[in-house]
Amino acid sequence: MTEVTRTFADARAWARTGTELMLGARTGTELMLDAVAGLDEAGFSAPSVLPEWTRGHLVAHVAANADALCNLVHWAATGEETPMYASAEERAAGIAKGPALSADQLRSWLTTSAHRLAEGLDGLTDEQWQQKVVTAQGRTVPATELPWMRAREVCVHAVDLGAGVVTFADLPKGFLTALVAEISAKRGLTELPDGPLPEVAAWLAGRPHLLADAPELGPWL
């Protein structure tokens, strides 16, 4: 067994430190776009790793997440309260749109929303980065948290596509270290099974992994 050596606070700090501020989000976005680039209609209709979700559902969720985070960027930039989602029903409706859209429409939505979010984040001033916003879970956080929130979505869900293009081993080491720290803290774990970092991250996230004798964990994210 190995001790968890980084805290949740360290994970948040990694996500917003210097040149690594956008690294996880940008890398994850590139991986997600690469993963869907070769999918045809049948590919998007195929099951994802997540129960009851096709890849179309998953891509719609990631695209809608970018749109929702753009609302928080607007909040940070203007001070106008703009929640991520108007309601739980709105969030569910965005996901449900996935199977109804064509492959080209899904790729276009994913790409356009990701670029709009990146531009919005790039445009925030030092003061606006400190503006408090409220997440869909009701947490009040500074805007500096937004790149980390996006990094988790695109990196983990790029693997969840199950398209054979992206695995946990393809994700940046710094991101995986921060992810392990965050999930460990939220699950109240102080020790982890021995194993490669990508496999430990997959296990903690409740995804398929190769760790022997590791207890089963429920899904996360």
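Heads up: the structure comes first, above all this text.
What counts, and at which threshold
- Residues numbered from 1 in each chain as written.
- Predicted model: local features only at pLDDT ≥ 70, side-chain atom pairs only at ≥ 80, totals over all residues.
- Heavy atoms only, no water.
- Helix = DSSP H or I, 4+ residues; strand = E, 2+ residues; numbered from the N terminus.
- Buried < 20%, exposed > 50% of the residue type's maximum accessible area, 1.4 Å probe, protein only.
- Contact = heavy atoms within 4.5 Å.
- Areas by Shrake-Rupley, 256 points an atom, 1.4 Å probe, with all protein chains shown as cover.
- Expected span 1.5 Å × (residues − 1).
- Lys, Arg positive; Asp, Glu negative; His and termini not counted.
- Salt bridge = Lys/Arg side-chain N within 4 Å of Asp/Glu carboxyl O.
- Core = buried A, V, L, I, M, F, W, Y, C linked by side-chain atoms within 4.5 Å.
- Axes fitted to C-alpha atoms, helices over the stretch in contact; angles between N-to-C directions.
- Parallel < 35°, antiparallel > 145°, perpendicular 65-115°, else oblique.
- Nonpolar A, V, L, I, M, F, W, Y, C, P; charged D, E, K, R; others polar.
- Left-handed = near helix turned anticlockwise from the far one by under 90°.

**Regarding the overall build of the protein**
- Regarding its fold elements, the protein presents 10 helices and 4 strands.
- Moving toward the C terminus, one meets the helices and strands of the protein in the order β-α-α-α-α-α-α-α-β-β-α-α-β-α.
- Taking all 221 residues of the protein together, 48% fall into the buried category.
- Restricting the contact set of the protein to residue pairs at least 6 apart, pairs at least 24 apart contribute 61%.
- Accessible surface, the protein as shown: approximately 10,500 Å² in total, 53% of it carbon and sulfur.

**Topic: helix 9 (residues 173-187)**
- In a regular helix each residue adds 1.5 Å, so 15 residues correspond to 21 Å; helix 9 covers 21 Å between its end C-alpha atoms and thus fits that length.
- Taken together, the buried positions of helix 9 are Phe175, Leu176, Ala178, Leu179, Val180, Ala181, Glu182, Ile183 and Ser184.

**Side note on the side chain of Arg55**
- Tracing the sequence through the fold places Arg55 in helix 4 (residues 55-78).
- No salt bridge forms around the buried Arg55; measuring N to O, its nearest opposite-charge neighbour Asp40 is 7.0 Å away.

**What about helix 8 (residues 146-160)?**
- Over its 15 residues, helix 8 runs 21 Å from end to end, which matches the ideal 21 Å to within 8%, given 1.5 Å per residue.
- The element helix 8 is largely enclosed, with a buried count of 15 among its 15 residues.
- One or two residues past the end of helix 8 sits Gly162, with phi positive at roughly 65 degrees.

**Observations regarding the nonpolar core**
- Counting residues in hydrophobic clusters, the biggest one holds 45 residues, and the most contacted among them are Val36, Phe168, Leu171, Phe175 and Leu179.
- Mapped onto this core, the elements with two or more residues apiece are helix 2 (23-37), helix 4, helix 6 (103-122), helix 8, helix 9 and helix 10 (197-204).
- Among the elements that line this core, the one with the most residues is helix 8, at 7 residues.
- With sequence-adjacent residues up to four places away left out, Leu171 is seen in contact with Leu31, Cys155, Val159, Val166 and Leu176.

**Side note on the packing of helix 8 against helix 9**
- Look at helix 8 against helix 9: their axes get within 12 Å of each other, and the N-to-C directions meet at 100 degrees. The angle between helix 8 and helix 9 places the two elements in the roughly perpendicular class. Within the contact between the two elements, helix 8 uses Trp148, Ala151, Arg152, Cys155 and Val156 and helix 9 uses Phe175, Ala178, Leu179, Glu182 and Lys186.
- Taken together, the residues of the contact of helix 8 with helix 9 break down into 7 nonpolar, no polar and 3 charged.

**Brief notes about the packing of helix 9 against helix 10**
- The contact between helix 9 and helix 10 brings their axes to 9 Å, and the two run at 35 degrees. For the element pair helix 9 and helix 10, the recorded crossing hand is left-handed. Across from Lys173, Leu176, Thr177, Leu179, Val180, Ile183, Ser184 and Arg187 in helix 9, the residues of helix 10 making contact are Leu197, Pro198, Val200, Ala201 and Leu204.
- When the residues that make up the contact of helix 9 with helix 10 are grouped by side-chain class, the tally is 9 nonpolar, 2 polar and 2 charged.

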